[in-house]
Amino acid sequence: MKKFKENWEITQNWQLIYPFIGIVLALGSGLLIAYRFNDYFESGSVTQLLFLGIATLLLAYLFIKISLFCFKKLKNRWILEYRWQFIAVFIVFAITGSTAGRISSPVMNLIGLDYDSTSGWLYWPLRIVLIFPLYQLLLLAVAWIFGQYKFFYQFEKKMLSRMGLGFLFTK
């Protein structure tokens, strides 16, 4: 454990929550994807459970390896004080993206543009346009919850300025 803490620059025990949440999210994502292949097996069979377990672990391992590769690539681009903050930043991106995608459909239905009654040529571009501001707001809210508000505020400021929306951040 001491070597793990040193590797991730964890100085206080509460910071261990980020690697723990990261592993749980990787396992959950692996299970969700593995569960998509559920129809190929008899329900409740040992084969199905064995497949779900092995596929979940393999996919989680793959997600963690990809994340570690991304950490190495982003180490010099993102200015973060500690290595464990990379995990927190990835968690914020994952939660925000999933949440924005999930709530965009009910919001579309709320404004009267549901998937069944609207042409796909209109529905999907409008949904993407709707997701953008939802995502920006959610990103800052989730970042605040995970203690990464300062990083994401600067990240959004830079991104929106590059998109020509820098006027949103003038004082």
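Preceding this paragraph is the structure being described.
Residues numbered from 1 in each chain as written. Predicted model: local features only at pLDDT ≥ 70, side-chain atom pairs only at ≥ 80, totals over all residues. Heavy atoms only, no water.

(A) Region of the structure containing the overall build of the protein. In terms of helices and strands, the protein carries six helices and zero strands. N-terminal to C-terminal, the α/β element order of the protein is α-α-α-α-α-α. Expected size for 171 residues packed as a compact globule is a radius of gyration near 16 Å; at 20 Å, the protein overshoots this value by more than 25%. Along the first, second and third principal axes, the C-alpha atoms of the protein reach 55 × 50 × 25 Å. Within the protein, buried positions represent 29% of all 171 residues. Within the protein, contacts between residues separated by at least 24 positions form 55% of all contacts whose residues are at least 6 apart in sequence. Taken as a whole, the protein presents about 12100 Å² of accessible surface, with 67% of it coming from carbon and sulfur. A distance of 15 Å separates the average location of the 17 positive side-chain charges in the protein from that of its 8 negative side-chain charges. (Helix = DSSP H or I, 4+ residues; strand = E, 2+ residues; numbered from the N terminus. Rg over C-alpha atoms; globule rule 2.2 N^0.38 Å. Buried < 20%, exposed > 50% of the residue type's maximum accessible area, 1.4 Å probe, protein only. Contact = heavy atoms within 4.5 Å. Areas by Shrake-Rupley, 256 points an atom, 1.4 Å probe, with all protein chains shown as cover. Lys, Arg positive; Asp, Glu negative; His and termini not counted. Charge placed at Lys NZ, Arg CZ, Asp CG, Glu CD.)

(B) The arrangement of a nonpolar patch on the surface in detail. A cluster of nonpolar side chains, namely I23, L27, L57, I64 and L68, defines an oily patch on the protein surface of about 400 Å² accessible area. Where the nonpolar patch is concerned, the elements lending two or more residues are α2 (17-35) and α3 (46-74). Tracing the backbone shows I23 in helix α2. The exposure class assigned to I23 is partly exposed, which follows from its relative accessible area of 45%. (Patch = residues over 30% accessible without salt bridge, like charges linked within 9 Å, V, L, I, M, F, W, Y side chains within 5 Å. Salt bridge = Lys/Arg side-chain N within 4 Å of Asp/Glu carboxyl O.)

(C) How the structure looks around the packing of α2 against α3. For the pair α2 and α3, interaxial distance at closest approach is 7 Å and the crossing angle is 130°. The pairing of α2 with α3 is recorded here as oblique in orientation. As for how α2 packs across α3, the hand of that crossing is right-handed. Residues I23, A26, L27, S29, G30, L31, I33, A34 and Y35 of α2 form the contact with α3, whose own contacting residues are F51, L52, A55, T56, L57, L59, A60, F63 and I64. Tallied by class, the residues present in the contact of α2 with α3 amount to 15 nonpolar, three polar and no charged. (Axes fitted to C-alpha atoms, helices over the stretch in contact; angles between N-to-C directions. Parallel < 35°, antiparallel > 145°, perpendicular 65-115°, else oblique. Left-handed = near helix turned anticlockwise from the far one by under 90°. Nonpolar A, V, L, I, M, F, W, Y, C, P; charged D, E, K, R; others polar.)

(D) Molecular detail of unusual backbone geometry. Its identity as a non-glycine residue notwithstanding, E9 has a phi of 55°, on the positive side. With respect to the helices and strands, E9 occurs in the loop between α1 (2-7) and α2. With a relative accessible area of 32%, E9 lands in the partly exposed category.

(E) Structural detail: the nonpolar core. If you look at the biggest cluster of nonpolar residues, it comprises 24 residues, and the most contacted ones within it are Y18, W78, V92 and F152. Those elements that provide at least two residues to this core are α3, α4 (84-110), α5 (120-145) and α6 (149-162). Of the residues forming this core, the biggest block, eight residues, is contributed by α4. (Core = buried A, V, L, I, M, F, W, Y, C linked by side-chain atoms within 4.5 Å.)

(F) Here's a closer look at the side chain of T96. Tracing the chain through its elements places T96 in helix α4. The residues touching T96, leaving out its near neighbours within four places in the chain, are Y135, L138, L139 and V142.

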